[in-house]
Amino acid sequence: NMTNMKTPPINPYKIAAFFAIASMAWYFKPLAGLLIDNFPLLGTRRKGYLVVSALLAGVLWIFLAIIPTSYGSMLTLLVIITICIVIGHTTLGGMLVQCGQEYKVTGQMSAIRNASDNLGILLSALVGGWIASHFVRSGMAIAGVLLFVLVGFFVKFHHEPRVTIPST
């Protein structure tokens, strides 16, 4: 009889620790900027980081959707996914600054970016909460597939000259 089964109590400290650790990568965003600006990946300054970070995050979201869940496995995968997202976000920020300087509209582009970031946070919280309450595993897989679509856009539409690392 399923009605007599008790669910384990939710530990708010474990939940808080989970999200604190999972989001820790955002505090290292300046280091991601130094990495991206100083070490080209796959022969490019930006495209390589965009493709690799989105591809890896997509694979890990799909992996998260199919593995047996445990606190440790979910935390590990979400930490790596967050690192990928931080690298992608930082790379896009660098592209924004570069384009803003080129067209002398850095302030306007930064304002648009901040507004779109905040709108994205709001919408993703609402949509993500709905997805999490209705179909968690397929929602994770959808996140992975959407990142693969993003990889396709980066590969097809982001044209960037190849760079070489100077011999030091």
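Residues numbered from 1 in each chain as written. Predicted model: local features only at pLDDT ≥ 70, side-chain atom pairs only at ≥ 80, totals over all residues. Heavy atoms only, no water.

(A) Inspection of the packing of aromatic side chains at higher detail. Summed over the entire model, instances satisfying the criterion amount to four aromatic pairs. Ring geometry for Phe-18 versus Tyr-71: centroids 5.4 Å apart, planes at 65°, classification edge-to-face. Of the two residues, Phe-18 is situated in helix H1 (residues 12-22) and Tyr-71 in helix H4 (residues 71-103); the sequence distance between them amounts to 53 residues. Residue classification places Tyr-71 among the partly exposed residues on the basis of a relative accessible area of 34%. Here the aromatic residues Phe-18, Phe-19 and Tyr-71 are joined through ring pairs into a cluster of three or more. It is Lys-14 that lies over the ring of Tyr-71; its NZ or CZ is 5.0 Å from the centre. (Phe/Tyr/Trp six-rings, centres within 6.5 Å; stacked < 30°, edge-to-face > 60°. Helix = DSSP H or I, 4+ residues; strand = E, 2+ residues; numbered from the N terminus. Buried < 20%, exposed > 50% of the residue type's maximum accessible area, 1.4 Å probe, protein only. Lys NZ or Arg CZ within 6 Å of the ring centre and 35° of its normal.)

(B) Broad picture of H4. Over its 33 residues, H4 extends 47 Å from the first C-alpha to the last, a length consistent with the 48 Å expected when each residue adds 1.5 Å. Two residues or fewer past H4, Lys-104 is found with a positive phi of approximately 55°. (Expected span 1.5 Å × (residues − 1).)

(C) Layout of the side chain of Thr-90. With respect to the element layout, Thr-90 can be found in helix H4. Classification of Thr-90 by relative accessible area gives buried; the value is 12%. Apart from the residues lying within four places of it in its own chain, the contact partners of Thr-90 are Lys-29, Ala-32, Gly-33 and Ile-36. (Contact = heavy atoms within 4.5 Å.)

(D) A look at the packing of H4 against helix H5 (residues 106-134). One can describe the packing of H4 onto H5 by two numbers: an axis separation of 8 Å at closest approach and a directional angle of 150°. Judged on the interaxial angle alone, H5 and H4 are roughly antiparallel. Between H4 and H5 lies a crossing whose hand is right-handed. Taking contact as the criterion, the partners of His-89, Gly-93, Leu-96, Cys-99, Gly-100 and Gln-101 in H4 are, on H5, Thr-106, Met-109, Ser-110, Arg-113 and Asp-117. Its residues assigned to classes, the contact of H4 with H5 shows three nonpolar, six polar and two charged. (Axes fitted to C-alpha atoms, helices over the stretch in contact; angles between N-to-C directions. Parallel < 35°, antiparallel > 145°, perpendicular 65-115°, else oblique. Left-handed = near helix turned anticlockwise from the far one by under 90°. Nonpolar A, V, L, I, M, F, W, Y, C, P; charged D, E, K, R; others polar.)

(E) Molecular detail of the nonpolar core. In terms of nonpolar packing, the biggest core is built from 21 residues, with Trp-61, Leu-64, Leu-78 and Ile-81 touching the most fellow members. In terms of residues, this core owes the most to one element, helix H3 (residues 47-66), which gives eight residues. Not counting chain neighbours up to four residues away, the residues in contact with Ile-81 comprise Ala-57, Leu-60, Trp-61 and Leu-64. Counting residues in each nonpolar core, the second largest holds six residues, with Ala-32, Ile-36, Val-86 and Ile-87 among its members. (Core = buried A, V, L, I, M, F, W, Y, C linked by side-chain atoms within 4.5 Å.)

(F) The packing of helix H2 (residues 29-38) against H4, seen in detail. Two elements in contact, H2 and H4, have axes whose closest approach is 9 Å; the angle formed by their N-to-C orientations is 65°. For the pair H2 and H4, the crossing hand works out as right-handed. Mapping the contact onto sequence places Lys-29, Ala-32, Gly-33 and Ile-36 in H2 and Val-86, Ile-87, His-89, Thr-90 and Thr-91 in H4. Residues of the contact of H2 with H4, tallied by class, amount to four nonpolar, four polar and one charged.

(G) Molecular detail of unusual backbone geometry. With a phi close to 55°, Leu-42 is a non-glycine residue in the positive phi region. Considering the arrangement of structural elements, one finds Leu-42 in the loop between H2 and H3. The phi torsion at Lys-104 lies on the positive side, around 55°, for a residue other than glycine. Inspection of the secondary structure assignment puts Lys-104 in the loop between H4 and H5. Residue Lys-104 is classed as exposed on the basis of its relative accessible area of 72%.

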